[in-house]
Structure formats: structure tokens, C-alpha cells
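Observations on the three-dimensional arrangement
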Amino acid sequence: MNAVASAILPPPATTPAPPGTARLRHFVQQLAALVETAPPEPELLSRGGALLGALVAHDDWLPAAYAQPHPERYQQYLLHADALGRFSVVSFVWGPGQSTPIHDHTVWGLIGMLRGSEDSQAFARTADGRWAPQGPPHRLEPGDVDAVSPAIGDVHRVSNAWEGRTSISIHVYGANIGAVQRSVYLQDGTAKPFISGYSNATLPNIWDLSRNPATAA
């Protein structure tokens, strides 16, 4: 078959993208534009938090493959990684009763609650080098947005607030977070380095505009 003949054939059938995929694409584009201006961190967190709040105000865009819980541990699915390593977007999927250890991030981060609820307990280092809870746990409900960074508080422990259902939060970090060396902590101050990686090997295709022509803009 020659190239002209093949060009007039209809494209092969594809699986439609979720109807709200454009929401994630627009968020990534808007965040990239914001990061490009290199605003001071407080402005970045404020404006970026508003963008994330607009994204998690709708629960129709996250592909099912990136919303699957694991029976033993929480899942961290990469949704997008900036080509220059300036930020990454992930979905955290919490099975019933699952939680993290005390941990840090080493970069700025934004957390937006999409589905269910999660509790975040901040920790601060004491004079003798231990980690102690700082204030009461902070609960995030759908649509809420929180922030972390070494400048405003970077160490916390997070848990699914629901014992009998899955919760999902969307996180944005100021690096390719799955490749960043970070630490988990015991309350006695003991630190253990870790690199989280990701739970998925493929990314959602948010760039194929032919799948949702009505929302391609």
C-alpha cells in the first residue's frame, strides 16, 4: 500500500481517554508556565495551590489505572514529570488504614485531596534531636490543598483517615520526586535514607488531542 492510499484510511481505533483528561493537561501547562517565571516560593505555593485546588475540585479526570490501591501499602503513581525536572505530579492512593512513616521531602510540595480524606501530622525536631508531633493532625477533605517545604515545615506522617475505603490525593513536588533521596525517621531521631520511585511503569497519555477533540484546546 502506498503512502497516499494509507493516508486516507481512517485511523486505528483507540480507547477513549477519560472525559476529564484535559483537566490534567491544562493543569500541567499552567503549572509549567508558573514555574517558568521562577516566582518566590511563597508566591509559587499560593498560585500553584490555587491551580491544584481547581484540579481537585473535579473528580472526573484521573484514569482508573492510577487510582488502584494495593492491599499492603500505599501507591505513588507518576502522572507527569517535567522534562527539565522542575516538578512532578503524582497520585497517592491510600488503601483502608494505610499510612506513611515520618518522612521529609527536601523540596516544595502541594497536596490536593481528590477522594476520601487523609490526616497529616507535622513533626518538629526537639532540642535533643528527637521528632515530636507539632500541633494536632490536619485533616484534608476533597478539594482541600496543603503545602510543605523545608522553609515552612517539611516533615510529617500521613494516613488514610478512612478505615474502610480508599482515599486519593494529588501531589505536586518541585522535583522528580521519585528520584530524590529523602529520609524516613523514627521518633528517636534515627534517619534512614530512601528514594521512593513510583508504582507505575507507564504514564497517562494526556497529549493525544485526537482522542477528545471537543476538549483539545
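Here, the structure is the one placed above.
Residues numbered from 1 in each chain as written. Predicted model: local features only at pLDDT ≥ 70, side-chain atom pairs only at ≥ 80, totals over all residues. Heavy atoms only, no water.

Quick notes on the environment of serine 169
Note that serine 169 resides in strand 10 (residues 167–173). Spatially, the C-alpha atoms of serine 169 and tryptophan 94 are 8.4 Å apart, while their sequence positions differ by 75 residues. The contact partners of serine 169, leaving out residues within four places of it in the chain, are Val90, Ser91, Phe92, Trp94, Ile111, Gly112, Met113, Leu114 and Glu118. Among the polar contacts made by the side chain of serine 169, one reaches the side chain of histidine 171 at a distance of 2.8 Å. (Helix = DSSP H or I, 4+ residues; strand = E, 2+ residues; numbered from the N terminus. Contact = heavy atoms within 4.5 Å. Polar contact = N/O pair within 3.5 Å; in protein donor to acceptor, adjacent residues only side chain to side chain.)

Focus: the packing of aromatic side chains
Tallied over the entire structure, the rule returns five aromatic pairs. Measuring from ring centre to ring centre gives 5.2 Å for tyrosine 74 and tryptophan 94, while their planes differ by 35°; the resulting arrangement is tilted. Linking tyrosine 74 in the loop between helix 3 (41–56) and strand 1 (75–81) with tryptophan 94 in strand 2 (residues 88–94), this pair joins segments that are 20 residues apart in sequence. Judged by its relative accessible area of 0%, tryptophan 94 is buried. Judged by centre distance (4.9 Å) and plane angle (45°), the rings of tryptophan 131 and tyrosine 185 are tilted. Within this pair, whereas tryptophan 131 is found in strand 6 (residues 131–133), its partner tyrosine 185 is found in strand 11 (residues 181–185), the two being separated by 54 residues in sequence. Considered together, tryptophan 131 and tyrosine 185 belong to a single accessibility category, that of buried residues. An aromatic cluster is present here, built from Tyr74, Phe92 and Trp94 joined pairwise through their rings. A cation over an aromatic ring shows up here: arginine 165 above the ring of tryptophan 162, its NZ or CZ 4.5 Å from the ring centre. (Phe/Tyr/Trp six-rings, centres within 6.5 Å; stacked < 30°, edge-to-face > 60°. Buried < 20%, exposed > 50% of the residue type's maximum accessible area, 1.4 Å probe, protein only. Lys NZ or Arg CZ within 6 Å of the ring centre and 35° of its normal.)

Considering the packing of helix 2 (residues 21–36) against helix 3
Relative orientation of the contacting elements helix 2 and helix 3 amounts to 175°, with a least axis distance of 10 Å. Accordingly, the angle class assigned to the pair helix 2 and helix 3 is roughly antiparallel. Contact with helix 2, carried on its side by Arg23, Leu24, Phe27, Gln30, Leu31, Leu34 and Val35, involves Leu44, Arg47, Gly48, Leu51, Leu52 and Leu55 of helix 3 and no other residues of that element. Partitioning the contact of helix 2 with helix 3 into residue classes produces nine nonpolar, two polar and two charged. (Axes fitted to C-alpha atoms, helices over the stretch in contact; angles between N-to-C directions. Parallel < 35°, antiparallel > 145°, perpendicular 65-115°, else oblique. Nonpolar A, V, L, I, M, F, W, Y, C, P; charged D, E, K, R; others polar.)

Quick word on the nonpolar core
In this structure, Leu24, Phe27 and Ile170 are the most contacted members of the largest nonpolar core, which totals 27 residues. Secondary-structure elements contributing two or more residues to this core are helix 2, helix 3, strand 1, strand 2, strand 4 (109–115) and strand 10. A total of six residues in this core trace back to one element, the largest contributor, which is helix 2. Filtering out sequence-adjacent residues up to four positions away, phenylalanine 27 remains in contact with Leu51, Leu52, Leu55, Val89 and Val172. Formed by ten residues, the second largest nonpolar core is a distinct cluster that contains Val90, Val107, Ile177 and Val180. (Core = buried A, V, L, I, M, F, W, Y, C linked by side-chain atoms within 4.5 Å.)

Things to note about the side chain of glutamate 118
With respect to the element layout, glutamate 118 can be found in strand 5 (residues 118–125). In this structure, glutamate 118 is buried with no salt-bridge partner, the nearest side chain bearing the opposite charge being arginine 139 at 10 Å. Here the side chain of glutamate 118 touches serine 169 through a polar contact of 2.8 Å, side chain to side chain. Setting aside residues up to four positions removed in sequence, glutamate 118 forms contacts with Trp94, Ile111, Met113, His138, Arg139, Leu140, Val158, Ser159, Asn160, Ala161, Ser169 and His171. (Lys, Arg positive; Asp, Glu negative; His and termini not counted. Salt bridge = Lys/Arg side-chain N within 4 Å of Asp/Glu carboxyl O.)

Some remarks on unusual backbone geometry
The backbone of alanine 38 shows a phi angle near 50°, a positive value even though the residue is not glycine. Looking at where alanine 38 falls in the secondary structure, it is placed in the loop between helix 2 and helix 3. When its relative accessible area of 62% is taken as the criterion, alanine 38 is described as exposed. You will see that threonine 106, though not glycine, has its phi angle at about 75°, which is positive.

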